[in-house]
Amino acid sequence: MLDHLPADAPRHVELIDGALIMMSPQTAFHMLVINLLIDRERGIRPPSELMVAREMTVTIGMRQRPEPDVVLVKKSAMASLLTTSFKPEDVHLVVEVVSPESVERDRNTKPSKYSNAGIRHLWRVEQEDERPVVYTFELEPAVKAYVPTGIHRGRLRTDIGFDVDIDLDLSTFIHG
């Protein structure tokens, strides 16, 4: 369904509970956080079998195809340059950058969908006093629910099967 929308449809659309959700224009904060996380020097630096992608959907079921802001996925899942979505079993991490209109979806709806699909790691990034705060979660597989692993301000240091160490200062993207 999403792959067959007309050419003049909004650029970012996700399918949640069978409904098409049009995403509003992103804020500068949203764009800068995504740029930071995907940056080869400062962002997520995965092992060779994984790759970082932005704004690609995850097909969880016929009625569920959310679009995380950033996804860490097996390289083998990029079957071709026509790939538009990933299977949950190929996804290692999903990242949602919260916008004012997406708070409910990013805090409740989408994490529930991701955990039920068995996606191991989730990060939720929110804006606090003009700075990012990253809430990190890991799947507790027995109950298929996320448990918090940290709240990160200033610097994100965590282990998601490999060490992550990211300076969360966005000013270098603005001021160089």
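For clarity, every value in this text was computed on a predicted model and none was experimentally measured.

*Asks:* I'd like a rundown of the pairing of strand S9 (residues 131-140), residues and numbers included.
*Replies:* A large share of S9 lies buried, amounting to 7 of its 10 residues. Looking at chain direction, strand S8 (residues 121-128) and S9 are connected through 8 bridges and run antiparallel. Its bridge partner lying in S9, Glu-128 is registered against Arg-131. Counted between consecutive antiparallel strands, the loop separating S8 from S9 contains 2 residues, among which Asp-129 sits at a positive phi close to 55 degrees. Two successive antiparallel strands, S9 and strand S10 (residues 145-153), enclose a turn made up of 4 residues, where Lys-144 displays a positive phi of approximately 50 degrees.

*Asks:* Tell me what's going on with the sheet that holds S9, and back it up with residues and numbers.
*Replies:* The strand order across the open sheet formed by 6 strands is S3-S5-S7-S8-S9-S10, and the pairing between neighbours is mixed. The open sheet is flanked by strand S3 (50-54) and S10, the only strands paired with a single partner. With strand direction ignored, the average angle separating the axes of adjacent strands in the sheet is 20 degrees. Where strand S7 (residues 91-97) lies against S8, 5 bridges are found, and the strand directions are parallel. The residue of S8 that forms the bridge with Leu-93 is His-121.

*Asks:* So what about the environment of Leu-122? Which residues, and what values?
*Replies:* Here Leu-122 lies in strand S8. With 15 residues separating them along the chain, Leu-122 and Phe-137 place their C-alpha atoms 5.1 Å apart. Apart from residues lying up to four places away in sequence, Leu-122 is in contact with Leu-93, Val-94, Pro-111, Tyr-114, Tyr-135, Thr-136, Phe-137 and Tyr-146.

*Asks:* Which residues make up the packing of aromatic side chains, and what values go with them?
*Replies:* Counting across every chain of the model gives 0 aromatic pairs. Note that Arg-124 overlies the ring of Tyr-135, its terminal NZ or CZ placed 4.5 Å from the centroid.

*Asks:* Residue-level account of empty space enclosed by the protein, with values.
*Replies:* Per the counting criterion, the structure on display carries 1 cavity of 30 Å³ or more. Taken as a whole, the largest cavity encloses approximately 40 Å³ of empty space. Around the largest cavity, the lining residues are Val-33, Leu-36, Leu-37, Val-125, Pro-132, Val-134, Leu-168 and Leu-170. Mapped by element, the contributors of at least two residues to the lining of the largest cavity are helix H1 (28-38) and S9. Considering each element in turn, the lining of the largest cavity owes the most residues, 3 residues, to H1. Classifying every residue of the lining of the largest cavity by side-chain character gives 8 nonpolar, no polar and no charged.

*Asks:* Account for the side chain of Asp-106, with residues named and values stated.
*Replies:* Along the polypeptide, Asp-106 turns up in helix H2 (residues 103-116). Asp-106 gets classed as buried once you look at its relative accessible area, which sits at 3%. Leaving out residues up to four positions away in the same chain, Asp-106 has contacts with Glu-96, Val-97, Val-98, Ser-99, Pro-111 and Arg-124.

*Asks:* Go over the nonpolar core with me, naming the residues and quoting the values.
*Replies:* When a protein is soluble and globular, its nonpolar side chains tend to lie buried together. Formed by 23 residues in total, the largest nonpolar core has its most connected members in Leu-37, Ile-44, Trp-123 and Ile-166. Contributing elements (two or more residues each) for this core: H1, strand S5 (70-74), S7, S8 and strand S12 (163-167). Top element by residues in this core is H1. It accounts for 6 residues. If near-sequence neighbours (up to four positions away) are discounted, Ile-166 is found in contact with Leu-36, Leu-37, Arg-42, Gly-43, Ile-44, Gly-154, Arg-155 and Leu-156. By size, the runner-up hydrophobic cluster in this structure holds 17 residues, among which are Val-58, Tyr-114, Ile-119 and Tyr-135.

Rules behind the numbers
Residues numbered from 1 in each chain as written. Predicted model: local features only at pLDDT ≥ 70, side-chain atom pairs only at ≥ 80, totals over all residues. Heavy atoms only, no water. Buried < 20%, exposed > 50% of the residue type's maximum accessible area, 1.4 Å probe, protein only. Helix = DSSP H or I, 4+ residues; strand = E, 2+ residues; numbered from the N terminus. Pairing = 2+ DSSP bridges. Axes fitted to C-alpha atoms, helices over the stretch in contact; angles between N-to-C directions. Contact = heavy atoms within 4.5 Å. Phe/Tyr/Trp six-rings, centres within 6.5 Å; stacked < 30°, edge-to-face > 60°. Lys NZ or Arg CZ within 6 Å of the ring centre and 35° of its normal. 1 Å grid on protein atoms, 1.4 Å probe; cavity = no way out; pocket = protein on both sides within 12 Å on 5 of 7 lines; lining within 4 Å. Points joined across faces, edges and corners; volume = space filled by probe spheres on them. Nonpolar A, V, L, I, M, F, W, Y, C, P; charged D, E, K, R; others polar. Core = buried A, V, L, I, M, F, W, Y, C linked by side-chain atoms within 4.5 Å.

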